[in-house]
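# A structural walkthrough
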Amino acid sequence: MAQTKTPTGWVGWVYFAGTILLVLGGVQIIAGLVGIFKSDFYAVTNAGLIVFDFTTWGWASLVVGVLAMLTGLGIWAGATWARLVGIFLAVLAMLENFAFLNAYPLWSLIGVVLSGLIIYALTMHGDEVIE
Amino acid sequence: MATINNRDEVTGWVGWVYFAGFMMMIMGVFQLIAGLTALLNDQFYVVTSKHLVAFDVTTWGWVQLLLGIVVITAGMSLFSGRTWARVVGVLLASANLVAQFAFVNAYPIWSIIMMVVDVLVIYALTVHGGEARIED
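Residues numbered from 1 in each chain as written. Chains lettered and ligands numbered in written order. Predicted model: local features only at pLDDT ≥ 70, side-chain atom pairs only at ≥ 80, totals over all residues. Heavy atoms only, no water.

### Focus: helix α3 (residues 83-103) of chain B
As a reminder, the rule being used: Helix and strand assignments follow DSSP, with helices taken as H or I runs no shorter than four residues and strands as E runs no shorter than two, numbered in order from the N terminus. A helix is expected to span 1.5 Å multiplied by its residue count minus one. Throughout this description, buried means an accessible area under 20% of the type-specific maximum (1.4 Å probe, protein chains only), exposed means over 50%, and partly exposed covers the range between.
Across its 21 residues, α3 of chain B extends 30 Å between first and last C-alpha, which sits within 8% of the 30 Å expected from 1.5 Å per residue. Among the 21 residues of α3 of chain B, 15 are classified as buried, and the element is accordingly described as predominantly covered.

### Focus on the nonpolar core
Formally: Side-chain atoms within 4.5 Å are what join buried Ala, Val, Leu, Ile, Met, Phe, Trp, Tyr and Cys residues into a set we call a nonpolar core. Throughout, a contact is declared for two residues whenever any of their heavy atoms are within 4.5 Å.
Counting 73 residues, the largest nonpolar core has Phe16, Ile30, Tyr42, Trp107 and Leu114 of chain A together with Val121 of chain B as the members making the most contacts within it. The set of elements that each furnish at least two residues to this core consists of α1 (13-37), α2 (54-76), α3 (80-99) and α4 (105-125) of chain A together with α1 (15-40), α2 (57-78), α3 and α4 (108-127) of chain B. Counting residues per element, this core draws most heavily on α1 of chain A, at 12 residues. If we skip the residues at most four places from it in the chain, Phe16 of chain A touches Leu117 and Ala121 of chain A together with Val119, Ile122, Tyr123, Thr126 and Val127 of chain B.

### A few points about a nonpolar patch on the surface
Residues and elements named next belong to chain B. Counted only if it meets this: Two joining distances apply to patches: 9 Å for like charges and 5 Å for nonpolar side chains (Val, Leu, Ile, Met, Phe, Trp, Tyr), and every residue must have over 30% relative accessible area and no salt bridge. Values of accessible area rely on a 1.4 Å probe in the Shrake-Rupley scheme; residue burial ignores everything except the protein chains shown. The rule for a salt bridge is simple: a side-chain nitrogen of Lys or Arg has to be within 4 Å of a carboxyl oxygen of Asp or Glu.
Nonpolar side chains collect at one region of the surface, where Tyr18, Phe22, Ile26, Val29, Phe30, Ile33, Phe79, Ile109 and Ile113 lie side by side and expose about 790 Å² of accessible area between them. Counting residues per element, the ones that place at least two in the nonpolar patch are α1 and α4. The greatest single-element share of the nonpolar patch, amounting to 6 residues, is contributed by α1. You can see Phe79 is positioned in the loop between α2 and α3.

### Examining the packing of α2 of chain B against α3 of chain B
All names here are of chain B. Threshold: For helices, the fitted axis covers only the stretch in contact; all axes are lines through C-alpha atoms, and the angles between them, taken along N-to-C directions, range from 0 to 180 degrees. Orientation categories follow fixed angle ranges, with anything under 35 degrees roughly parallel, anything over 145 roughly antiparallel, 65 to 115 roughly perpendicular, and all other angles oblique. Rotating anticlockwise by less than a right angle from the far helix to the near helix defines a left-handed crossing, while the corresponding clockwise rotation defines a right-handed one. When residues are grouped by polarity, Ala, Val, Leu, Ile, Met, Phe, Trp, Tyr, Cys and Pro land in nonpolar, Asp, Glu, Lys and Arg in charged, and all others, Gly among them, in polar.
Put simply, α2 and α3 touch, their axes get as near as 10 Å, and they point 155 degrees apart. The orientation of α2 with respect to α3, classified from their angle, is roughly antiparallel. Where α2 crosses over α3, the two elements pack in a sense that is left-handed. Together, Trp60, Gln64, Leu67, Val70, Val71, Ala74, Ser77 and Leu78 of α2 and Trp84, Ala85, Arg86, Val88, Leu92, Asn96, Ala99, Gln100, Ala102 and Phe103 of α3 make up the contact between the two elements. When its residues are assigned to classes, the contact of α2 with α3 shows 13 nonpolar, 4 polar and 1 charged.

### Digging into the confidence of the model for chain A
Inclusion rule: pLDDT is defined as a per-residue confidence score from the predictor, taking values between 0 and 100.
Chain-level statistics for chain A give a pLDDT mean of 84 and a share of 89% at 70 or above. The low-confidence segment residues 1-10 of chain A, where pLDDT is below 50, has 17 contacts with residues more than four positions distant or belonging to other chains.

### Side note on the packing of aromatic side chains
Keep this limit in mind: Aromatic rings from Phe, Tyr and Trp, with only the six-membered ring used for Trp, were paired whenever their centres fell within 6.5 Å, and each pair was classed as stacked if the ring planes differed by under 30 degrees, edge-to-face if by over 60, and tilted otherwise.
Tallied over the entire structure, the rule returns 22 aromatic pairs over all chains. For the pair Tyr104 of chain A and Trp107 of chain A, a centre-to-centre distance of 5.1 Å together with 80 degrees between the ring planes defines the contact as edge-to-face. We classify Trp107 of chain A as buried; its relative accessible area is 5%. A network of ring pairs unites the aromatic residues Phe41, Tyr42, Phe54, Trp57, Phe100, Tyr104 and Trp107 of chain A together with Phe101 of chain B as a single cluster.

This is the structure in structure tokens:
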């Protein structure tokens, strides 16, 4: 699209996305650690999961969480790559939460909503910060 | 930090910062209620301590109580228009959201209300916060 990237009053959306990425990272890390160390917290046993077991999901959550936090910091620092990686990670986190939903629906629901907010902010308003 | 070519003049959206200030004060009161409930009437919560992710209900009570006081103070400081107050507000709302996530199974509806308020505060302060800059 050949449109000029005039910053608007909405420019802060990028900072919003960075902050929500930090939050998403935090909650993914908690969910991951619980999966690894305290899986009886979850409502189902390994047999109730679609694929993998709690340890695998825990590590996946943990890795996505740490990457999301780093990317959130990158976005606050104004890095362009961080905005692309942020979208990718939010999509990944959304899929992960969907597949893992029956383990603890409330947590997954929160993860999906946070991911959606990040994708919205970065796709709709991500190009408005000038380097 | 990226340079933002933001318009510095105050627009009609400046009210968002005051909105965030009031929201944080309401939020703090919610937390005082949740904290006192945990300390004085922990039968109210739907789970016992062993079903929490970490800590017990009493520890969470103190955490909520202290966070509540800090959040109310930070909410009031937003009315000063200072940049640091907005940064603190965003950080506190983020930390609070993560804390509510960990405590959500104790009383889900309360925690979810607080999480929504946290997102509103973050939205108001990041998207519209720059417009409340005072001449300094």
